[in-house]
Amino acid sequence: MTSHTVSLTIADPSDLPDFKRELQEAFALAVIDEYGELPDGPIPSDEDLDHSIHAPGAVALRIVSDGKTVGGAVVTIDEESHHNTLDLFFLRVGEHGHGLGHKAWLAIEARYPQTVTWRTHTPYFEKRNIHFYVNKCGFKIIAFFNARHPDPHHPGPSDLPDDEGFLFEKVM
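Residues numbered from 1 in each chain as written. Predicted model: local features only at pLDDT ≥ 70, side-chain atom pairs only at ≥ 80, totals over all residues. Heavy atoms only, no water.

Draft legend 1. Examining the overall build of the protein more closely. Within the protein, the secondary structure is distributed over four helices and seven strands. Helices (α) and strands (β) of the protein occur, in sequence order from the N terminus, as β-α-α-β-β-β-α-β-α-β-β. Long-range pairs, those at least 24 residues apart, make up 64% of the contacts in the protein with a sequence separation of at least 6. For the protein, the exposed surface amounts to about 9700 Å²; the carbon and sulfur share of it is 54%. (Helix = DSSP H or I, 4+ residues; strand = E, 2+ residues; numbered from the N terminus. Contact = heavy atoms within 4.5 Å. Areas by Shrake-Rupley, 256 points an atom, 1.4 Å probe, with all protein chains shown as cover.)

Set out below in structure tokens:
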């Protein structure tokens, strides 16, 4: 593994179409690996991405390594409670396996030092993400959502064939 520097910048509004496309391409790989194909349309949908990016307190961040954009994240920052969420996190296709994700997560933590807790989620089938959040970043699994225990924040079916997923929390 080579040493790469990682920094964060606020995503420029003119960059959001590329941000969304790159995120959808990154997410598509795991869905295709698991299910063999994508359901109709990209995952997440453009509508879901717009909702996340423009939600109150949301910040779209670009992950930059050695001067090159390698990914992005959307975080929601609660300036009062400091209980924040990592809503979306991705590395561009071809950028995995260099330690960039972990460095990017550490940069996010450093950018928001007042954070009391971070929460995030990932689908059940995404073993790579589960490993990353639990073993690399120090999150704990605090809920498993499924048909018998649906996610109260995401009612109704998702774009995926099943609605199973984990909720993670990291206490700072």
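Draft legend 2. Layout of the pattern of salt bridges. Applying the stated criterion to the full structure yields 10 salt bridges. Here Arg-21 ties to Glu-25 by a salt bridge, and the two come within 3.3 Å at their closest N and O atoms. With a gap of four residues between them, Arg-21 and Glu-25 both fall in helix α1 (residues 16-35), about one helical turn apart. Take Glu-25: its relative accessible area is 38%, and that puts it in the partly exposed class. In this structure, Arg-62 and Glu-22 form a salt bridge, with 2.7 Å as the shortest nitrogen-oxygen distance. (Salt bridge = Lys/Arg side-chain N within 4 Å of Asp/Glu carboxyl O. Buried < 20%, exposed > 50% of the residue type's maximum accessible area, 1.4 Å probe, protein only.)

Draft legend 3. Structural context of the pairing of strand β3 (residues 68-76). Relative to β3, strand β2 (residues 58-65) is paired through eight bridges, and the arrangement is antiparallel. Bridging from a neighbouring strand, Ala-60 pairs with Val-74 of β3. Between β2 and β3, which follow one another and run antiparallel, lie two residues, and Asp-66 among them has a positive phi close to 50°. In terms of strand pairing, β3 meets strand β4 (residues 83-91) through six bridges, oriented antiparallel. Looking at the pairing, Val-75 lines up with Leu-86 of β4. (Pairing = 2+ DSSP bridges.)

Draft legend 4. Spatial organisation of the packing of aromatic side chains. Applying the stated rule across the entire model yields 12 aromatic pairs. Arranged with centres 5.4 Å apart and planes meeting at 45°, the rings of Tyr-133 and Phe-168 form a pair that is tilted. You can see Tyr-133 sitting in helix α4 (residues 127-136) and its partner Phe-168 sitting in strand β7 (residues 165-171), a full 35 residues away along the chain. Each member of the pair, Tyr-133 as well as Phe-168, carries the same accessibility label: buried. Here a set of aromatic residues connected by ring pairs shows up, and it is made of Phe-89, Trp-105, Tyr-112, Trp-118, Tyr-124, Phe-132, Tyr-133, Phe-139, Phe-144, Phe-166 and Phe-168. (Phe/Tyr/Trp six-rings, centres within 6.5 Å; stacked < 30°, edge-to-face > 60°.)

Draft legend 5. A look at helix α3 (residues 100-111). Taking 1.5 Å as the rise per residue, α3 with 12 residues should run 16 Å; its terminal C-alpha atoms sit 16 Å apart, in good agreement. Among the residues of α3, those classed as buried are Leu-100, Gly-101, Ala-104, Trp-105, Ala-107, Ile-108 and Glu-109. (Expected span 1.5 Å × (residues − 1).)

Draft legend 6. A look at the nonpolar core. Judged by nonpolar contacts, the single largest core of 25 residues is most densely connected at Val-75, Leu-86, Phe-89, Trp-105, Ile-108, Tyr-112 and Trp-118. Residue assignment for this core shows that the elements contributing at least two residues are β2, β3, β4, α3, α4 and β7. If you tally residues by element for this core, the top one is α3, at five residues. Excluding its chain neighbours within four sequence positions, the residues that come into contact with Leu-86 are Ala-73, Val-74, Val-75, Trp-105, Ile-108, Trp-118, Arg-119, Thr-120 and Tyr-133. Counting 12 residues, the second-largest nonpolar core is a separate cluster that includes Ala-26, Ala-58, Ala-60 and Leu-88. (Core = buried A, V, L, I, M, F, W, Y, C linked by side-chain atoms within 4.5 Å.)

Draft legend 7. Structural context of the pairing of β4. What sits between the antiparallel neighbours β3 and β4 is a turn of six residues, in which His-82 has the positive phi angle 65°. Alignment of β4 against strand β5 (residues 117-123), held across three bridges, turns out to be parallel. What sits directly across from His-83, in β5, is Thr-117. Taken together, β4, α3 and β5 form a β-α-β motif whose crossover is right-handed. (Right-handed = clockwise from strand over helix to strand, strands pointing away.)

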